[in-house]
Each structure stands twice: as structure tokens, then as C-alpha cells.
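Examination of the molecular architecture
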Amino acid sequence: MLYPRMTEKRQKKPLDGVWMFQLDPNGKGAEEGWPAQGIPSPIHMPVPSSFNDITTSEEIRDFLGDVWYETFTYVPSEWMTERIMLRFGAVAHHAKVWVNGHLVVESHNGFLPFEADVTPFVNEEKMNRIVVKVNNELSWDMLPPGEVMEEVIEDGEVKKTLHQQHDFFNYAGIHRSVFLYTTPQTFIHSLKVGTDFNGKSGRVAVESGSHPSAFVHYSLKNHQGEVIAEGKGTKTDLQVPEAEAWSPEHPYLYKLDVYLKDEEGATLDHYYLNVGIRKIEVKNQQLWLNGSPIYLKGFGKHEDAVLRGKGYDPVTNLRDMYLMKETGANSFRTAHYPYAEEVLQSADELGFLVIDETSAVGLLSQGVPATGNLEPVFSNGKISSRLKEYHLDTLQRLIERDRNHPSVIMWSLSNEASTMEPEAEFYYKTLVEVVRKLDDRPIMNVNLMLIEPEKCVVSKLVDIIGLNVYFGWYSTPGDLKAGTADLRNYLDRWAKTHDQPIVITEYGVDTVPGLHKVPSVMFSEEFQVQFLERYHDVFDEFAEVIGEQVWNFADFMTKQDTVRVDGNKKGVFTRDRQPKMAQYTLQKRWKSPLREGK
Ligand code: BDP
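Since we're looking at a predicted model, the values are computed, not measured.

A separate point is the overall build of the protein. Looking only at helices and strands, the protein has nine helices and 32 strands in total. Relative to a compact globule of 598 residues, whose C-alpha radius of gyration would be 25 Å, the protein shows 24 Å and is just as compact. A principal-axis box enclosing the C-alpha atoms of the protein has dimensions of 75 × 70 × 45 Å. By the burial criterion, 59% of the 598 residues in the protein qualify as buried. Carbon together with sulfur atoms contributes 50% to the accessible area of the protein, which is approximately 23,600 Å² in total. Put simply, the protein has 64 plus and 86 minus side-chain charges, and the middle of one group is 3 Å from the middle of the other.

As C-alpha cells, then:
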């Protein structure tokens, strides 16, 4: 699905701002006519944002069930000859949308965009009413999986409790921008861009989907606006004899203009994409960018911020990007779900290598933290064929959405699944086959530290192994000597049993900013620094380790729990994006040349 853009032939109007909002604890809104008549007793609610932390109400913060949003808009009369689309960047987790009382679209994926052709339903003269019902309940038929338990309490009231598998607050609402946009009646449906770079020249392979009777023209421009390559047809290769390669240090983007023309050569539709020419490969147990090995330095992140929760906002996004650059990071992982498209656009423009992850987090028996014995979930039917369908659908839509971003260098299938069960092998085999058909980027799967390398049935299917390691924190708490010995032993076992390179996708400790202790203790800033330093020494012993991403970039909110103090404090930055001492440790390491090849 193409990101909405204003072009020579397209218009767009953001519907972000203040919408009306109401809880619907009894789920009666539809019956009572809210889709057509509007919501009866609303309060104000910003869009995009999670609804949880905006008001002072505990009921709203912890609400489980249906909530309703409503807004009004005019549609300009000059749009009436066009195809008019209503598009949501993401609504968590389930949404139903009505325009002037007509149901136009339903979505059951909280982290991916969806849209509806609303041309037949909008009025030219009157205001148009847009009503959205949002539900934030999790189930084992979706990602991330979870369960809502219902219990009747004293006064007959039903109390709902969420059993979630993952370690982040179940924020909900209209989380990303909402757009009304137009396309011409004959339009460019889809675009797929793949690039290659051989040290000097580059190739841009383009494929487009549109009406068969139309003709497609491509024109690639450099920063000066000069056309450096042109092509025609549904599928073509554009050659760039002297290409500027895209990399984190030099995120050079060409502009690809795509024109759809009729037989007389008149332009029917126009769209454009930023294209970074780069080549990404896994070979000789290394990750290669543009013909040289590259070591990933960076963070596992979250979409999480004070007040707005998981709502996208450009302020937090850019602050994060600048902080990561300043720390010397060249990469991040979209843990544990697809991020807003605007985040990937910034990564293209500012230069970050992105591990793009699905929302498959917590496909295991444990909640948080995942310690103890892993009980089966694949072999006992807990992970059903419906969940697998959902996972496949998410993966396909993620690839379709993100494949044109030069910043996206690999797909992460899931985070911390129960991958020692024999049944997991077939499940993941299907996922891998689907990805291989759609795209040639490397595939990663991220492992919990309870997964034994000798018993993992999934790692052999992927190109890069992701490891989340917390020895000295969740095991032998506070004992870094034992922790690093366990880490060394664990990495050694992975290196011996698998040929693929390893990225340390998580390592870190909860740290209370301003807590100082000598000698260090858990939760102090000194402990975070020492943990990172000791871990780095071990990583450097292993040629197989081709990247390190600290957990987490910033402190983030979780559900209330005995193991969390107002959220997870493993951030190198606080939740309001100020550094802890560890930032300096990372900066020193990441901004100086590492050992050979790293
Ligand atoms: C890992 C999870 C991550 C958690 C982290 C932690 O992948 O989501 O937040 O542990 O416990 O198991 O901090």
C-alpha cells in the first residue's frame, strides 16, 4: 500500500487533530446508532495518540473493550471527480470505520495501515461524519497474542483483566496519522523497487501495478534535479553508471518519479519515491553493505513516549534519531512490531539500518520476564492455524509496505518464540518460504536466552540469528563475573552449532537515573555501564557477532508489575529522552573504530 502523497495528480488532507471520544463499556454503541448519529457524550481526544494517558481517569487508562472516535470534515468539490481514499496509518488493535453511517472498512492489525475507497459515501456540500470504533482486546488469534479474562464482581459488573505476553503497555487508540487523499480514476496501485550496487555503478529495478491499458514512465533524478536514468513499462531496470551509494554515513536518496500515461501521452497519475541505491548481503558469516562488512551498533526501540503512548509524533521521532546519531548508532530494531511509516522515512533520510520486525512477540508460555521452564505452545494447539494465518498476513503486508525503504535491511520474523518445539519448524518454514518469494532481504529470528542452540529448530532456517541476553541480570542477578562467563559459554554454543552470523538484539539492565553506587549494585547507573562494558569485551571475542543493539533505547511503559517500577527502566535514555551515564560508554565505543571488520 503506497504512502499517501501530494503529487502533480494527487491531493491529501490530514485529519489529525482533536477528535471526539467515548468509552463504550457495554459494547452497545453500534446498536444505539452511534455510527450514523455520532457519539452521545464525548470528550476531546488527540489523534494520533494512545487514549490511555491523556486524561486523569484510571478507568480510561486501564480500559478494555470498545471505545469510539468521531470527527467531521468537508471534502473539497474539486475532489469529486477523483477517487477519494480514507487511510489510517494504524489503529490498535481492532477498528471499524463508518463514513456518514456507511461501514467502509474493518481492520484487525494494530500496527499496519488500512484504507477504504470512500468515493461513493462522501458529500460534496455537507460536512462528512467519520466514526471509528476501536477495540483494544488481545486474543490468541492475533499478534501480539494475549487473553482477556472476564469475572463477574459483587454488583454484577463484569471485570475484564488482560493477560498479556509482552513487556510493554497495551496502549490503544488511533496511533498514526489519518489522511483523506485522492488518486485519479486510473492510478498507480503499487511500486516495488530493488537496487544493486557494484562499487561504482548502480541498478534500480522497478515494478509497478496499474491498469493494463495505461503506460508507465520512470525518471530517476539526483539532488540537483537532473534526470540520470529513464525507463518505461510495468517492469524495468534503470542503470546508473556513476551511482552515489546509500549508507548510514551517506544516506543519499535519488527521487524516482513515476508517471502513468494514456495513449496520447497525457499524464493520468503521478507518484514519487525516494530511492537509496545500496546492496545488502549475508556471506562469509558477515553482513555486507555495498561490498564491505558492516557491524550493527544501535538499539532495540519502542514506539513509546510520555502522554502520547504509542501515538506517532515527529518531535519524539526526530529527537530519537538525533540521539541515536550522537551516540554513534547506525541501526535499530523495530521491536516488537512494525513502526510508523514516517519513522522509516526518517531512517532513509538520516541513515539508519533497520531490522524490521513483525508484531509476533510472546509466542511462548511465559509472560514477563520469561524465566523458568518453557511449556509447549506449538504442540498443544495454543498456537493455532488462525494465528499462523495472521502471522503470514502481517509478514506479507509488512513487506509490501516497507520493501522500498533503503533503510530496511532485514525482516525479523518474531521475538522470543518457543522455538525448541519440533512443531515450530514447520510453522517457521512456511513463514520463511513466503518471505523468500516476496523479497531478497536477509531474514532474522530473535531468540530468548532460554533457547538452547542445540535444540532450536528455527535458527537453521534464517540468515541471521538474533540473541537476547541478560546473564547477570535475570540469571545470577548482580553477579557480572558469573554473567559474563555464562554469556561467553552461551555464545560459544551458538557459534559451534550454527553457521549464521549473530546479532545481539538485546542486552541491558534496568537503571534508575540518578542512582549512583560504588561498588555498583543492580539498578544503579554504574551497574548499567559495567554490564555494557563487560558484555562488549565478550562480544569482541566472537567473530560471529556482527552487531550489538542495546535494550532499550529509552525507558518505556509496561503493565503494572512487581518487576517493573513505573515501566521498564532499561533505557540508555530516560523516557523524556535525556541520557543516563551509559550513553557516554556507548558513544565512546561506537564512535571509535572497533576491532578489524567491526
Ligand atoms: C526480553 C523482551 C523485551 C523485554 C526485555 C526485558 O524481548 O520485550 O522488555 O526482555 O525484560 O525478553 O527488559
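This part is about unusual backbone geometry. Backbone torsion omega between Ala-92 and His-93 reads -5°, so that peptide bond is classified as cis. Among the secondary structure elements, His-93 is positioned in the loop between strand E6 (91-92) and strand E7 (94-99). The backbone phi angle of Thr-476 is positive, close to 35°, even though this residue is not glycine. Its place among the elements puts Thr-476 in the loop between strand E30 (464-468) and helix H7 (480-497). Taking the relative accessible area as the measure of exposure, Thr-476 reaches 30% and is therefore partly exposed.

So, about the packing of aromatic side chains. Pairs of aromatic rings are described using the distance from one ring centre to the other and the angle between the two planes. As enumerated under the stated definition, the model contains 30 aromatic pairs in all. For the ring pair Tyr-337 and Tyr-339, a centre distance of 5.4 Å and an interplane angle of 40° mean the geometry is tilted. Classification of Tyr-339 as buried rests on a relative accessible area of 1%. Each member of the aromatic cluster is reached from another via a ring pair, and the members are Trp-19, Phe-21, Phe-51 and Tyr-69. Between the NZ or CZ atom of Lys-255 and the centre of the ring of Tyr-272, over which it lies, the distance is 4.9 Å. Here the guanidinium or amino end of Lys-325 rests over the ring plane of Phe-352, the centre of that ring lying 4.8 Å away.

This part takes up the packing of helix H3 (residues 314-327) against helix H4 (residues 341-350). To characterise two packed helices, one gives the angle between the axes of the helices and the distance between these axes. Look at H3 against H4: their axes get within 10 Å of each other, and the N-to-C directions meet at 35°. The hand of the H3/H4 crossing is right-handed. Along its contact with H3, which presents Asn-317, Leu-318, Met-321 and Lys-325, the element H4 presents Glu-342, Val-343, Ser-346, Ala-347 and Leu-350.

Formed by 95 residues in total, the largest nonpolar core has its most connected members in Phe-299, Tyr-428 and Tyr-507. In terms of domain composition, this core takes at least three residues from each of domain 1 (12-183) and domain 3 (301-590). Excluding residues within four positions of it along the chain, Tyr-428 makes contact with Leu-363, Phe-378, Leu-413, Ser-414, Ala-417, Thr-419, Asn-445, Val-458 and Leu-461. With 33 residues, the next largest nonpolar core counts Phe-63, Val-97, Phe-114 and Leu-180 among its residues.

We now examine the site of the ligand. Lining the immediate surroundings of the ligand are 13 residues, of which Asp-167, His-336, Glu-416, Tyr-474 and Lys-570 lie closest. Contact between the ligand and His-336: an oxygen atom at 2.7 Å from a side-chain N or O atom of the residue. Measuring from an oxygen atom of the ligand, one finds a side-chain N or O atom of Arg-564 at 3.1 Å. Across the shell around the ligand, the residue classes tally to four nonpolar, four polar and five charged.

As summarised here, the arrangement of the four strands in space is E1-E14-E5-E9, forming an open sheet in which the pairing is antiparallel. Either end of the sheet is taken by a strand with one partner, and the two such strands are strand E1 (12-14) and strand E9 (114-117). Strand after strand, the sheet turns through a mean of 20° between neighbouring axes, direction not considered. Direction of pairing for E1 relative to strand E14 (residues 178-183): antiparallel, over a ladder of three bridges. Its bridge partner lying in E14, Lys-12 is registered against Tyr-181.

The next point concerns H4. Within H4, eight of the 10 residues are buried, leaving the element largely enclosed by the surrounding structure. When we look at burial in H4, the residues that qualify are Glu-341, Glu-342, Val-343, Leu-344, Gln-345, Ser-346, Ala-347 and Asp-348. Those residues of H4 that are buried lie in contact with strand E5 (83-88), H3, strand E26 (331-333), strand E27 (353-357), helix H5 (385-402) and strand E28 (408-415). Looking one or two residues beyond H4, the residue adopting positive phi is Gly-351, at roughly 95°.

The next subject is the environment of Leu-268. With respect to the secondary-structure elements, Leu-268 resides in strand E21 (residues 267-275). By relative accessible area, Leu-268 is classed as partly exposed at 25%. For the pair Leu-268 and Thr-562, spaced 294 residues apart in the sequence, the C-alpha separation amounts to 60 Å. Beyond its immediate sequence surroundings of up to four residues, Leu-268 is in contact with Lys-9, Pro-184, Thr-186, Ala-214, Leu-260, Lys-261 and Asp-262.

Attention now goes to the pattern of salt bridges. In this structure the tally under the stated criterion is 41 salt bridges. Residue Arg-10 pairs with Asp-269 through a salt bridge whose shortest N-O separation is 2.8 Å. Here Asp-269 lies in strand E21 and Arg-10 lies in the segment before E1, a separation of 259 residues in the sequence. In this structure, Arg-10 and Asp-269 share a single accessibility class: buried. One salt bridge in this structure joins Lys-382 and Glu-147, with 4.0 Å as the shortest N-O distance. Of the two residues, Lys-382 is situated in the loop between E27 and H5 and Glu-147 in strand E11 (residues 146-152); the sequence distance between them amounts to 235 residues. According to the relative accessible area criterion, Glu-147 is partly exposed, its value standing at 34%. Connected through shared salt-bridge partners, Asp-196, Arg-203, Asp-237 and Lys-279 make up one network.

Glancing now at the pairing of strand E31 (residues 502-506). Here E31 lies mainly inside the structure; five of its five residues are buried. As paired elements, E30 and E31 share four bridges and run parallel to each other. Each bridged residue has a counterpart across the sheet, and for Leu-467 the counterpart in E31 is Ile-504. Handedness of the crossover joining E30 and E31 through H7: right-handed. Summarising the sheet, E31 and strand E32 (residues 545-551) pair through three bridges and their orientation is parallel. Each bridged residue has a counterpart across the sheet, and for Ile-502 the counterpart in E32 is Val-545. A crossover links E31 with its parallel partner E32, the connecting element being helix H8 (residues 525-539), and its sense is right-handed.

Cut-offs used in this document
Residues numbered from 1 in each chain as written. Predicted model: local features only at pLDDT ≥ 70, side-chain atom pairs only at ≥ 80, totals over all residues. Heavy atoms only, no water. Helix = DSSP H or I, 4+ residues; strand = E, 2+ residues; numbered from the N terminus. Rg over C-alpha atoms; globule rule 2.2 N^0.38 Å. Buried < 20%, exposed > 50% of the residue type's maximum accessible area, 1.4 Å probe, protein only. Areas by Shrake-Rupley, 256 points an atom, 1.4 Å probe, with all protein chains shown as cover. Lys, Arg positive; Asp, Glu negative; His and termini not counted. Charge placed at Lys NZ, Arg CZ, Asp CG, Glu CD. Phe/Tyr/Trp six-rings, centres within 6.5 Å; stacked < 30°, edge-to-face > 60°. Lys NZ or Arg CZ within 6 Å of the ring centre and 35° of its normal. Axes fitted to C-alpha atoms, helices over the stretch in contact; angles between N-to-C directions. Left-handed = near helix turned anticlockwise from the far one by under 90°. Contact = heavy atoms within 4.5 Å. Core = buried A, V, L, I, M, F, W, Y, C linked by side-chain atoms within 4.5 Å. Domains from an automatic or database assignment. Near = heavy atom within 4 Å. Polar contact = N/O pair within 3.5 Å; in protein donor to acceptor, adjacent residues only side chain to side chain. Nonpolar A, V, L, I, M, F, W, Y, C, P; charged D, E, K, R; others polar. Pairing = 2+ DSSP bridges. Salt bridge = Lys/Arg side-chain N within 4 Å of Asp/Glu carboxyl O. Right-handed = clockwise from strand over helix to strand, strands pointing away.

Scope: geometric values only; no functional claims are made or implied.
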